[in-house]
Amino acid sequence: QQIFLNGEFVQKQDAKVSVYDHGYLYGDGVFEGIRVYDGNVFRLKEHLIRLYESAKSILLTIPYSLEELTQIVVDTVNRNNLHSGYIRLVVSRGEGNLGLDPTSCPRANVVVIAEQLALFPQELYENGMEIVTVATRRNRSDVLNPQIKSLNYLNNILVKIEAKLAGVQEALMLNDQGFVAEGSGDNVFLVKGNKLITPPSSAGALEGITRNAIMELGDTLGYEVEEKLFTRHDVYIADEVFLTGTAAEVIGVSKVDGRVIGDGKPGPNTQRLLKAFRQLVVEDGEK
Ligand code: PLP
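Each chain has its residues counted from 1, following the order in which its sequence is written. Residue-level local features of this predicted model are given only where pLDDT is at least 70; pairs of side-chain atoms are given and counted only at 80 or more, and the full residue set underlies all totals for whole chains, interfaces and linings.

Let's shift gears to the domain arrangement of the protein. Segmentation of the chain into domains, including their bounds, is taken from an automatic or database domain assignment. On domain assignment, one finds that the protein holds domain 1 (2–115) and domain 2 (122–286). With centres defined by C-alpha atoms, the gap from domain 1 to domain 2 works out at 26 Å. We call two residues in contact when the distance between their C-beta atoms, placed using the backbone, is within 7 Å. Listed per partner, the contact involves 23 residues of domain 1 and 13 residues of domain 2. The set of elements that each furnish at least two residues to the side of domain 1 that touches domain 2 consists of strand 3 (29–37), helix 2 (44–57) and strand 5 (85–92). Starting at the N terminus, helices and strands are each numbered in turn, a helix being any DSSP run of H or I of at least four residues and a strand any DSSP run of E of at least two. No other element matches strand 3, which puts eight residues into the side of domain 1 that touches domain 2. Throughout this entry, Asp, Glu, Lys and Arg are counted as charged residues, while Ala, Val, Leu, Ile, Met, Phe, Trp, Tyr, Cys and Pro are counted as nonpolar. The remaining residues, Gly among them, count as polar. In terms of residue class, the side of domain 1 that touches domain 2 is built from seven nonpolar, nine polar and seven charged.

What follows covers the site of the ligand. Each residue gets a C-beta atom placed from its backbone. Should that atom fall within 6 Å of a molecule or strand, the residue is termed near it. Taken together, 14 residues surround the ligand, and among them Leu206, Gly208, Ile209, Thr210 and Thr246 come closest. Taken together, the elements giving at least two residues each to the shell around the ligand come down to helix 6 (209–220) and strand 13 (240–245). Broken down by element, the shell around the ligand gets its largest block of residues, three residues, from helix 6. When grouped by side-chain class, the residues that make up the shell around the ligand number two nonpolar, nine polar and three charged.

To continue, consider the nonpolar core. For this entry, the nonpolar core is defined as buried Ala, Val, Leu, Ile, Met, Phe, Trp, Tyr and Cys residues connected by C-beta atoms within 7 Å. We call a residue exposed when 12 or fewer other C-beta atoms sit within 10 Å of its C-beta, buried when the count reaches 20 or more, and partly exposed for counts in between; the C-beta positions come from the backbone. By size, the foremost hydrophobic cluster in this structure holds 39 residues, and its most contacted members are Phe189, Val241 and Val253. If sequence neighbours within four positions are ignored, Phe189 has contacts with Leu196, Ile197, Thr198, Ile214, Phe242 and Thr244. The next biggest cluster of nonpolar side chains, apart from the first, holds 23 residues, and it includes Phe4, Ile34, Leu69 and Ala108.

It is the contact of helix 2 with helix 3 (residues 66–79), at a shortest axis distance of 11 Å, that shows an interaxial angle of 125 degrees. By the angle between their directions, the pair helix 2 and helix 3 is classed as oblique. Handedness of the crossing formed by helix 2 with helix 3: right-handed. For the pair helix 2 and helix 3, the contacting residues are Leu44, Leu48 and Tyr52 in the first and Leu66, Leu69, Thr70 and Val73 in the second. To obtain an axis, a line is fitted to C-alpha atoms, over the contacting stretch when the element is a helix, and the angle between two such axes runs from 0 to 180 degrees between their N-to-C directions. Orientation is classified from the angle alone, with under 35 degrees giving roughly parallel, over 145 giving roughly antiparallel, 65 to 115 giving roughly perpendicular, and any other angle giving oblique. Helix crossings get a hand from a simple test, with the near helix turned counterclockwise from the far one by less than a right angle marking a left-handed crossing and a clockwise turn marking a right-handed one.

Attention now moves to helix 3. A helix is expected to reach a length of 1.5 Å times the quantity of its residues less one. Taking 1.5 Å per residue as the helical rise, helix 3 with its 14 residues ought to reach 20 Å, and the 20 Å between its terminal C-alpha atoms agrees with that figure. Residues of helix 3 that are buried include every one of Leu69, Val73, Thr76 and Val77, and no others. One face of helix 3 carries all of its buried residues, which in axial projection span an arc of 100 degrees. The outward face of helix 3, more than 90 degrees from its buried face, is lined by the exposed residues Glu67, Glu68, Gln71 and Asn78. Against strand 1 (2–5), strand 3, strand 4 (40–41), helix 2, strand 5 and strand 6 (109–115) lie the buried residues of helix 3. Count one or two residues on from helix 3 and you reach Asn81, which has phi positive near 45 degrees. The directions from the helix axis to the C-beta atoms are what the arc is built from.

Following this line, the structure appears as structure tokens:
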């Protein structure tokens, strides 16, 4: 496996950065998780735009242009003969001294890893996923904006820990006002009648690339797509609930906090959208 590290391709065992990297010391950096389907990188431009926007917001200079980084990602995929899989793109502040001040770090470290994806079991797509809501809250948009996909994912990790302690794999976090924001690494949608409802970014939801694709598909398929605040109560009484994300794609939810959603299996709308999404990721590559 060849990993891109600051302008070179190196073997996995040689892909190392300094313990003085502020990404390691402070979680100072940004990242993206991207999918490759049939040799085509899904919505690479959108992912890269989000990466550059995250970097800009934290005053981090990515030492490549968008065009160069596009080529780097494609080269990494090709060098690894990756037909289908997952790409992790990480830009950390780089090596500096032990102080917080990022100006001690002259150059960002850029890493691109492309590898096979450990897919979620098929059983999950058929039977749905049980989830809970947890006490960890989404940080407020006016503090550290959730749109910044930073290396500081402690909030999300705490959500994951709480989910696992509750005996499930994923959980929803609420924002400071008690409205549903998103999962630890996924967006959430409700189906209610002909409506597809997802929290607005102002609620603390990341504007997921998969989320955007599902909103577009929903629109095309004749759903009324709404970005709207909702509470746990709305989740419990939804016809269907599903999560979206680069790794998960579209996963139906069977139970939330012990409340059975619909008839306890991914509903027809969830299945329809998953099917449409899987078609889209192939068609997108043919353009
Ligand atoms: N929410 C968070 C906090 C995430 O980290 C991710 C993953 O990137 C998502 C949602 C889903 O976004 P996407 O569909 O772009 O993978």
